[in-house]
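# Structure assessment
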2 protein chains.
Amino acid sequence: METDGGAGNVVRNKKLMLKDYIKGSPKESDLHLTTESIELKVPQGSNAVLVKVLYLSIDPYQYIRSTKIEKPGYFSSYSPGSVMASYGVGRVLESGHSDFQKGDLVWGTTGWEEYSLITEPETLFKIQHSDVPLSYYLGVLVVPSFPNTGLTAYVGFYEFCAAKKGETVFISSAFGAVGQLVGQLAKLMGCYVVGSAGSQEKVDLLKNKLGFDAAFNYKEEKNLDDTLKRHFPEGIDICFDNVGGKMLDAVLLNMKLNGRIAHCGMISQYTLDEPEGIKNMMNIIYKRLRLEGFVVTDHYHLFPKFLDFMLPCIREGKIVYVEDISEALESCPAALVGLFNSSKLGKKVVIVATELITSQPNCSVLLGQY
Amino acid sequence: METDGGAGNVVRNKKLMLKDYIKGSPKESDLHLTTESIELKVPQGSNAVLVKVLYLSIDPYQYIRSTKIEKPGYFSSYSPGSVMASYGVGRVLESGHSDFQKGDLVWGTTGWEEYSLITEPETLFKIQHSDVPLSYYLGVLVVPSFPNTGLTAYVGFYEFCAAKKGETVFISSAFGAVGQLVGQLAKLMGCYVVGSAGSQEKVDLLKNKLGFDAAFNYKEEKNLDDTLKRHFPEGIDICFDNVGGKMLDAVLLNMKLNGRIAHCGMISQYTLDEPEGIKNMMNIIYKRLRLEGFVVTDHYHLFPKFLDFMLPCIREGKIVYVEDISEALESCPAALVGLFNSSKLGKKVVIVATELITSQPNCSVLLGQY
């Protein structure tokens, strides 16, 4: 335990608050930037940990938690007027908990703010290996937490898709934080892999950088049923669905007998007042389909297995991970909006502070930062 | 092989033809009764079998096959102008196939007609045991064929619901040919079982005759979500879905975490020009649900296991089977219509000819014929 016992420094702390429950598509104005004073000190006798935030993860679930949408069994909503929160990477400034020392690099749930007082330090984890980009602790790699995009992709693909070599795989939102990994796992398995995305740039990257067999820009397609029939003349064995809605309806029409759909997300639906109705449900019977939803939090026991698999893949360059990085806390609202308008390229990360970036080992950064 | 080699008798043969593809709800006028002459003789040198039809099975899939609805991987449509067909029980009048002798009782696919010339006798099976009602060969018991309502219920419940003692089970169209059996299987397993049906009479029978813990008439309920919440305050572990549509949408809202939905049919949707959209799909993710469609034809390998289980249950009265029996070929159109307006009570059977009924052993008929 390392505290100085005296009065800490008082500094300005910028933070992003949720104004009110978000309705419809998120707007930057749904969040409010405020500045408060904070004493860089943990309260006397508390086991809290004070963290300087370095990176924040921006994910669709933060939008879901900002709405009043009923989501029993899922995560609760943020309270209007409270600070936004997500996974972050930070440096410990002061600790009331014996597991953490001043100067430690940590990851865990932090506020969307420059300095975060973590009052539940059991949600915080020390970063042991810094030979990978620190931002990977927000998603792809060593975070047994939600939303670990790497574990999500791994669990979804290996536990729920039950893919076999030679099968046909369709991934919607294929350039997203999870989709890009699922596609690469499917290629490693020897599947035929097609992805959909929202821009020609993403389509090109899917094919040329991530090794997808084909990809299409759903915004340019007049009839998704026709599009899928063109790419899968004999049908789809496995759909990894991040999108829902019209895309899912077209997928149902194009599944093969005994096909499997793993439901990871339905990003096309979150911002609608009322979800689109899925009409082709009879195909579930005609084609003996299995649809399964999953949330990665239920599968943390697979984390060691995942790590044994994924770490070498990353280090050997068999799996690449594309992040879309922007800078400054002030860019978080735009980053949240960007999740829903196809503007981001890969996993979205915001650098809140840069003090440690240069001190990080210059590991071979496999990702492209476009 | 038993043929008399001479000219057979020529008799009148009533038959029911499909006029044109049915659109929307079936009407009696969609079928056309015609009378043709038939020589009671199999063509010289053919291996066909001539059958006098005794019972016919009336099932929702005959409606589906009468429409132009696309159903890849499922059964093809009947051709307009052709005779309707379904499973039937009959007596062999003449046989060109060595497996069948004049006088044999058989079951298999027969036309909706008084005399049926079966040109593919490999689809015909000899009835070995007549210590159960012959009508049971159309569904519940010893028919390893589609639609074997008994095997359908057995496979759906044991292979797809993965039920455990104490779990909560909801069955839609619970008094139907399959639903009534699933409910009894679930009760034998020690589950809490609630069913929906379309009349108070059925509701009473579900509770008083079939042992359901509760049942409701969906036509009397204003809000199916509220209804399900009332019956399942802690949620539904397992839904055996025969209905689809609005009922399924309400079910999705009321499933427990890790719930399972076995899709057996979606009778509320078949007659609609366009299916209702299912809006609560996000619950598949929130609640980590598994939805699976199945068709009993894929599971015939389980037939011996099924028989070992079901025959004693029937003989010991642990499982009862309710049939709704009407008489004469002319009643088939009304029987088909009755599948969709909640008027039938249990598995629908039409007696086409009665000549053998009295000669059948007077076994303990466990079913009620209302």
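Residues numbered from 1 in each chain as written. Chains lettered and ligands numbered in written order. Predicted model: local features only at pLDDT ≥ 70, side-chain atom pairs only at ≥ 80, totals over all residues. Heavy atoms only, no water.

Residues and elements named next belong to chain A. For the structure on display, the rule yields 30 aromatic pairs over all chains. Aromatic pair Trp107 and Phe125: ring centres 4.3 Å apart, planes at 15°, arrangement stacked. Taken together, the residues Trp107 in strand β5 (residues 105-111) and Phe125 in strand β7 (residues 124-126) connect sequence positions 18 residues apart. A relative accessible area of 3% places Trp107 in the buried class. (Phe/Tyr/Trp six-rings, centres within 6.5 Å; stacked < 30°, edge-to-face > 60°. Helix = DSSP H or I, 4+ residues; strand = E, 2+ residues; numbered from the N terminus. Buried < 20%, exposed > 50% of the residue type's maximum accessible area, 1.4 Å probe, protein only.)

The tally for this structure, following the rule as stated, stands at 36 salt bridges over all chains. Close ionic contact of A:Asp30 with A:Lys27 constitutes a salt bridge, the shortest N to O distance being 3.4 Å. Accessibility expressed as a relative area gives 11% for A:Asp30, which makes it buried. We classify A:Lys27 as partly exposed; its relative accessible area is 44%. Across the pair B:Glu167 and B:Arg260 runs a salt bridge, and its minimum N-O distance is 2.9 Å. Here B:Glu167 is found in the loop between α2 (149-161) and β8 (168-171), whereas its partner B:Arg260 is found in strand β12 (residues 255-263), with 93 residues between them in sequence. The same class applies to B:Glu167 and to B:Arg260, which are both buried. Taken together, the shared-partner salt bridges connect A:Lys15, A:Glu36 and A:Glu113 into one network. (Salt bridge = Lys/Arg side-chain N within 4 Å of Asp/Glu carboxyl O.)

Turning to the interface of chain A and chain B, a few remarks are in order. The partner chain B presents 37 residues to the 37 residues of chain A that form the contact. At the boundary of chain A with chain B, total buried surface from both sides reaches about 3000 Å², with 66% on carbon and sulfur atoms. The largest per-residue losses of area from chain A upon contact with chain B belong to A:Ile285, A:Tyr286 and A:Arg288, which jointly make up 23% of the total buried on that side. At the boundary of chain A and chain B, one finds four salt bridges. Residues A:Glu274 and B:Lys279 are paired through a salt bridge, measuring 3.0 Å at the closest nitrogen-oxygen approach. The tally of links from chain A across to chain B stands at eight residue pairs in polar contact (both at pLDDT 80 or more). Elements supplying a minimum of two residues to the side of chain A that touches chain B: β12 (255-263), α7 (282-286) and β13 (290-293) of chain A. Considering every element that reaches the side of chain A that touches chain B, the biggest residue donor is α7(A), with five residues. Split by residue class, the side of chain A that touches chain B holds 20 nonpolar, seven polar and 10 charged. Relative to strand β13 (residues 290-293) of chain B, β13(A) runs antiparallel, the two being bridged by three bridges. Note on β13(B): the bridge partner recorded for A:Glu292 is B:Arg290. (Contact = heavy atoms within 4.5 Å. Buried area = accessible area lost by both parts, 1.4 Å probe. Polar contact = N/O pair within 3.5 Å; in protein donor to acceptor, adjacent residues only side chain to side chain. Nonpolar A, V, L, I, M, F, W, Y, C, P; charged D, E, K, R; others polar. Pairing = 2+ DSSP bridges.)

We now examine the pairing of strand β10 (residues 214-217) of chain B. Residues and elements named next belong to chain B. Residues of β10 alternate between two faces, with Ala214 and Phe216 on one and Ala215 and Asn217 on the opposite face, all of them buried. One ladder, built from four bridges, connects strand β9 (residues 192-197) with β10; its direction is parallel. By the bridge assignment, Val194 is partnered in β10 with Ala214.

All names here are of chain A. Partitioning chain A into structural domains gives domain 1 (10-139 + 321-357) and domain 2 (149-297). Computed from C-alpha coordinates alone, the two centres of domain 1 and domain 2 are separated by 29 Å. Counting from both sides, the interface comprises 21 residues of domain 1 and, opposite them, 21 residues of domain 2. Summed over both partners, the interface of domain 1 with domain 2 buries about 1600 Å², with 65% contributed by carbon and sulfur atoms. Looking at the side of domain 1 facing domain 2, the largest losses of area belong to Tyr321, Ser342 and Leu345, adding up to 34% of the total buried there. Our count for the contact surface shared by domain 1 and domain 2 stands at zero salt bridges. Inspection of the domain 1/domain 2 interface yields four residue pairs in polar contact (both at pLDDT 80 or more). For the side of domain 1 that touches domain 2, the leading source of residues is helix α1 (residues 60-65), giving three residues. (Domains from an automatic or database assignment.)

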